[in-house]
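Now for the letters of each chain:
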Amino acid sequence: MKIANYAVKNYQFTLTMFLMVVVVGIVTIMTMPRAEDPDMNAPQFPITAVYPGTSPDDMEELVVKPVEKRLYELENVRKINTTISDGLAVFAVYYKYGVNVDEKYSEIVRELNSLKGELPKEVIKLEAQKATPSGTNVLQMALISNNASLDQLKITAERLQEDLEKVTALKKVTISGLPESQVKIDLNIEKMAQMQVSPDRVLQAIQSEIANIPGGSIVENSKSFNILTSGNYQNIDEIKNTIVFSYQGKNVLLTDVAKVYFDYAPENHITRLNQNRCLFVTAAQKSGENIAKTQAAYEPVIAQFKKTLPKNIDLVVNFDQAENVNTRLSGLLKDFIIAILLVALTLLPLGLRAASIVMISIPLSLAIGIILLNIMGYSLNQLSIVGLVVALGLLVDDSIVVVENIERWMREGHSRLDATLKATNQIGMAVLGCTVTLIIAFLPLVFLPEASGEFIRSLPMAVIFCIVASLVVSLTVVPFLSSRILKSHQGNPEGNLFMRVLKKLISGSYSRLLDWAIIRPKTTLLIALVIFVASLRLFPVVGFSLFPASEKPQFMVNIFSPLQSNMAYTDSVSKLIERDLRKLPEVKYVSANVGKGNPRIYYNAIPLNDRTDYGNLFVQLQDDLGADEKINLIEKLRTKYTNYPAATIEVKNFEQGPPVVAPVEVRILGDNVDTLRQIASRVETMLKNTKGTIYVKNPLKNLKSDIKFDINKEKASMLGIPTVSIDRMIRLVVAGFDLGKMTDKEGKEYAIVVSKPHPKHPSLEVFDNLYVNNVQGTAIPLSQVASVRLQTSPVSISHLNKNRLVSVSSFVEKGFLNNEVIAETEKSLAKIALPAGYHFEMGGEVESKNESFSGFGTIILVTVFFFIAVLILEFGTFKSTLIVLSVIPLGIVGALLALWFTGTPLSFVATVGLIALAGIEVKNTILLVDFTNQLRAEGMPMEQAIREAGEVRFLPIILTTLTAIGGLIPIAISTNPLISPLAIVMIGGLISSTLLSRIVTPVVYKLIPPAI
């Protein structure tokens, strides 16, 4: 080929380019972004609406329906999930993939801002966020003290927050477990009633003072001046001295009818580390940053801050993702080194000089591949590194084939330069065809849709870039080095000891078996067909599980105390569980959270918010604890807490892949909540009776009790009391009104909250001696126009695309496969009769699988046609193409056997391995068919050409297969369950296809010989 001739004859240029690539590759590795997981920019936006004091029913009517209506009118919205609970609604808006995420985010923010005027004024929060992995915290620290005041902890935490915010690579430095600072205004309702002053007048007076009205600007002479007005409150004395009304000719100040003081909001998030009171400080990393460099930036800041801490406060860094990334990357680097050594061992038959040339192609191809990855915006993460390790076993294939062919020509008596040029020209087109088919095999993985495709995309891209690089290297650098380093064989013409042993095995066993197969072609094909069909029976035995659990030494414990339990009770249960966990030698840290979930420290784990009956423990284990030991510990704890008397305790492992509610999720859609609750109860019973289910959850199982005010509207009207005045008074004495912010001279903000004096968590006593003013200003006892009763209501209401639904879910026990439990569930659902207007829908892993593989069939179909097109271009006949493609089923045999033997279910990543395997099989077969065609074109009889090609090409094929297997072995035996199935599938498939196709392909060639 011309490129090879140019590289050999202009070796100075080739050498210069070679050195440049090595230098740039090293610099790129040192500087490119590093992260644990790939950057994802999914078009998903969580929206939070907070309206304190409202029931789910009121929240649905007043907030959710208007917001859903507005959001559903937007273009390219795929679905909207909404969960409604007391005072809180969480919307999950999913757009179709391919939209501009930043534009859609701006669109949602714009729509929400325009909608705020149409919602109740008391909605204190309506906020959209981006769902990005960069929102996952890379750092979690605990400021620990059992005796420091809350003020002291607050000041210390805010100092640490300010220091960390100066680290440019960090973002969203957040303090958790700290109640909001407030200026509390407790109105003396009785005194105001005597003065006949309504609370509304006081609220209006405070709000008017908070208003910050710009004065505009004026021009004086040649200069422009801005007019600064009074602005809002800057200290508490200004609030106290606010004139709220006039009484008997005198101005009445706020301090005359209310107590004004600094305070903290009621505690809604209790935090502890290892049973010690603390505040958590967390930080996320900006997208595109190198986590190793980020760690180097924040570690000195933390070390310096520790020196300034008072004696009664300690700082513990209990979660540092950089350590996890460094451990994982160093583990993969170790696997990489082992893979290189194994590849080197498989090259021994080539001889020291030839093997050295092939080994030189490894760093060069990898350097080019890493440079291209960086240019295309991919980071160095666990999946891109796995792609590099997979490529390691493939990128030497082209070099092996070229070097082996050069050596064969030299053994036939040609000079070193002549052999290099002629051998490269002979094999060049076949190498090009092999590389193109291999790239085509990985292309479906590049175009996988939805979140799963984006999550895994860096893996196939790493492989493709390295394979393209290996093609260039094998046709330029390898011929150049061969023309300079290889020498004529002085010893045995058959090669070194390893080569002779390998050839003896080929000529001994393979040649005899090939002769037998060629004589009995139909029998051979029948045997191969039986083996293939028999292997397909392993599919149901192996089973399917979309994504495996995480292998990291950490898990979660969820605590659900009895419905409507207060924070104190839930906290007491949490303390008991924490104490049990701290006794275990495997446990390193227990981060306790009551009222909210632990801050987000895992890419697909979204914490729950604002539930008094919920606790969450983030449990971190000793660093050296293995994945199997962790699973055993989780099972032990599940057994212990299955029938815990004080609460429902769920011990959950972290899962890989896109976030799902649970592997098994049954959605029931309909209009009436009571009917949905009845159906959900039947589904819950069915799931509990299904083998393999655990933690069956039915959100409508229990109804909660609310206190309902029945207003006598007729009597209220007669007395001149507007209904809204009654509602506002009730809100005032229970939740209070958040009127705005006070910003002091130091820039610190305080919420201004007006209410009636009551404990942190008010009781029914707040309604004693309560008055409501009529339109004339007369104070009338509330008890005259309203009475109190208990009313039941659902704990939460869920929507899917504006339709009401209930989601009954279940996790799967150890020893059961997800697809088995799901299949059994679907069978049982078919037996449940539903009323008109109600239907079932499977969510969980079923939905995730459908989304992950949606459109995948089309991609595979296009890939098959690409395969055929490339092969027709190379061979010029359909018969040669059919012969090459006939090898694909043979790899499936070994892949399924390998999964069955290792006890690994077929998964998303294993499916990726099957697709990649097809490309490798086709690549090897191209070499055989191409050489057979060449021998026939030179005049050799067909059967002799088949035998000659089989024996000559078997050597480079077996070498390339061994190098691929050598590169994959470290991944296959790794403890990472996400990536090991890929290697297991490919190793098993390579073994079976190499052994079977070397017999089957010649036989198929004989039965349908292509025209030459």
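The protein chain carries the name Efflux RND transporter permease subunit in an unreviewed UniProt entry, which gives Aquirufa antheringensis as its organism.

Further remarks concern the domain arrangement of the protein chain. Annotation of the protein chain at the domain level lists domain 1 (1-31 + 351-493), domain 2 (42-131), domain 3 (189-256 + 704-761 + 785-793), domain 4 (494-542 + 855-1011) and domain 5 (549-654). Centre-to-centre, using C-alpha coordinates, domain 3 lies 79 Å away from domain 4.

Applying the stated criterion across every chain, the model contains nine aromatic pairs. Consider the rings of F618 and F654, whose centres lie 6.3 Å apart with planes at 80 degrees: the pair is edge-to-face. Pair noted here: F618 is in strand β18 (residues 614-621) and F654 is in the loop between β19 (648-653) and β20 (664-669), with a separation of 36 residues, a long-range link. Taking relative accessible area as the criterion, F618 reaches 0% and is therefore assigned buried. Seen from their ring centres, Y641 and Y644 are 5.6 Å apart, and the 75 degrees between their planes marks the pair as edge-to-face. Members of the aromatic cluster, joined through ring pairs, are F319, Y602, F618 and F654. If you follow K79 out to its NZ or CZ, it ends over the ring of Y94, 4.8 Å from the centre. Over the ring of Y261 we find K259, and its NZ or CZ is 5.0 Å from the ring centre.

Attention shifts here to helix α31 (residues 908-937). Compared with an ideal rise of 1.5 Å per residue, which puts 30 residues at 44 Å, α31 spans 44 Å between its outermost C-alpha atoms and is within 8% of the ideal. For α31, the tally of buried residues reaches 27 of 30 residues, placing the bulk of the element in the interior. Of the residues trailing α31, G939 is marked for its positive phi of about 105 degrees.

The subject of this paragraph is the packing of helix α14 (residues 416-446) against helix α17 (residues 477-485). Interhelical geometry of α14 versus α17 gives an angle of 155 degrees and a closest axis separation of 8 Å. One element, α14, and the other, α17, form an angle in the roughly antiparallel class. With respect to the hand of their crossing, α14 and α17 are arranged in right-handed fashion. Between α14, through R416, L417, T420 and T424, and α17, the contact on the second element is made entirely by P479, S482, S483, R484 and I485. Per-class residue counts for the contact of α14 with α17 are three nonpolar, four polar and two charged.

Attention shifts here to the pairing of strand β23 (residues 737-743). When β23 meets strand β24 (residues 749-755), the two strands line up antiparallel, connected through six bridges. In the strand pairing of β24, D738 is matched with V753. Hairpin connection of β23 to β24: five residues between the antiparallel strands, including G747 at a positive phi of 90 degrees.

Together, Y6, F13, M17, M20 and V24 give the surface a local cluster of nonpolar side chains, amounting to about 470 Å² of exposed area. Top contributing element to the nonpolar patch by residue count: helix α2 (residues 11-31), with four residues. Mapped onto the elements, V24 comes out in helix α2.

As for its placement among the helices and strands, E650 is situated in strand β19. Polar side-chain contacts of E650 include one of 3.1 Å to the side chain of K652. The residues touching E650, leaving out its near neighbours within four places in the chain, are M556, V557, N558, F560, Y695 and K697.

Another aspect to go through is the sheet that holds β24. Reading across from one edge, β12-β7-β24-β23 is the order of the four strands in this open sheet, with mixed pairing throughout. With partners counted over all chains shown, the strands left at the sheet margins are β12 (258-264) and β23, one partner each. For this sheet the average axis-to-axis angle between neighbouring strands, irrespective of direction, equals 25 degrees. Bridging between strand β7 (residues 181-187) and β12 involves seven bridges; their strand directions are antiparallel. Across the sheet, residue V183 finds its bridge partner in β12, namely F262.

Attention now goes to the packing of helix α5 (residues 150-165) against helix α10 (residues 291-307). Two numbers describe how α5 lies on α10: the axes approach to 10 Å, and their chain directions differ by 150 degrees. Taken together, the axes of α5 and α10 are roughly antiparallel relative to one another. For α5 against α10, the interelement crossing comes out right-handed. Taking contact as the criterion, the partners of T156, R159, L160, D163 and L164 in α5 are, on α10, Y298, V301, I302 and F305. Along the lines of polarity and charge, the residues of the contact of α5 with α10 split into six nonpolar, one polar and two charged.

Moving on: the environment of L150. The topology assignment puts L150 in helix α5. Owing to a relative accessible area of 27%, L150 belongs among the partly exposed residues under this scheme. Taking the C-alpha atoms as reference, L150 lies 20 Å from D163; in sequence the two are 13 residues apart. Each residue touching L150, except ones within four places of it in the same chain, is listed here: L178, P179, Y264 and R277.

Our focus in this paragraph is the environment of E61. Summarising the element assignment, E61 is placed in helix α3 (residues 56-72). According to the relative accessible area criterion, E61 is partly exposed, its value standing at 46%. C-alpha separation for the pair E61 and T911, spaced 850 residues apart in sequence, amounts to 45 Å.

The next subject is α5. Look at α5: 22 Å from first C-alpha to last across 16 residues, which is about the 22 Å you get at 1.5 Å a residue. Buried within α5 we find L153, K154, T156, A157, E158, L160, Q161 and L164.

What follows concerns a positive patch on the surface. Residues R353, R416, R484 and K487 make up a contiguous surface patch of positive charge. Its location among the elements puts K487 in the loop between α17 and α18 (497-519). You can call K487 partly exposed: its relative accessible area is 45%.

Turning our attention to the side chain of Q620. Along the chain, Q620 falls in strand β18. Once residues lying within four places of it in the same chain are set aside, the contact partners of Q620 are N318, F319, P553, Q554, V587, K588, Y589 and S591.

Moving on: unusual backbone geometry. Even without glycine at this site, K172 takes up a positive phi of about 50 degrees. Tracing the chain through its elements places K172 in strand β6 (residues 170-176). With phi around 55 degrees, Y695 is a residue other than glycine that occupies positive phi space. Positionally, Y695 belongs in strand β21 (residues 693-697).

Another point: the pattern of salt bridges. Applying the stated criterion to the full structure yields 32 salt bridges. Across the pair R638 and E635 runs a salt bridge whose closest N-O atoms are separated by 3.2 Å. In this pair, R638 and E635 are both assigned in helix α22 (residues 627-641), three residues apart and thus about one turn of the helix distant. With relative accessibility at 12%, the residue R638 sits in the buried group. E943 serves as the salt-bridge partner of R947, at 3.3 Å between the closest nitrogen and oxygen. Taken together, the positions of R947 and E943, both in helix α32 (residues 942-972) and four residues apart, correspond to about one turn of that helix. Residue class for R947 comes out partly exposed when judged on its relative accessible area of 24%.

Basis of the calculations
- Residues numbered from 1 in each chain as written.
- Predicted model: local features only at pLDDT ≥ 70, side-chain atom pairs only at ≥ 80, totals over all residues.
- Heavy atoms only, no water.
- Domains from an automatic or database assignment.
- Phe/Tyr/Trp six-rings, centres within 6.5 Å; stacked < 30°, edge-to-face > 60°.
- Helix = DSSP H or I, 4+ residues; strand = E, 2+ residues; numbered from the N terminus.
- Buried < 20%, exposed > 50% of the residue type's maximum accessible area, 1.4 Å probe, protein only.
- Lys NZ or Arg CZ within 6 Å of the ring centre and 35° of its normal.
- Expected span 1.5 Å × (residues − 1).
- Axes fitted to C-alpha atoms, helices over the stretch in contact; angles between N-to-C directions.
- Parallel < 35°, antiparallel > 145°, perpendicular 65-115°, else oblique.
- Left-handed = near helix turned anticlockwise from the far one by under 90°.
- Contact = heavy atoms within 4.5 Å.
- Nonpolar A, V, L, I, M, F, W, Y, C, P; charged D, E, K, R; others polar.
- Pairing = 2+ DSSP bridges.
- Patch = residues over 30% accessible without salt bridge, like charges linked within 9 Å, V, L, I, M, F, W, Y side chains within 5 Å.
- Areas by Shrake-Rupley, 256 points an atom, 1.4 Å probe, with all protein chains shown as cover.
- Salt bridge = Lys/Arg side-chain N within 4 Å of Asp/Glu carboxyl O.
- Polar contact = N/O pair within 3.5 Å; in protein donor to acceptor, adjacent residues only side chain to side chain.
- Lys, Arg positive; Asp, Glu negative; His and termini not counted.
- Charge placed at Lys NZ, Arg CZ, Asp CG, Glu CD.

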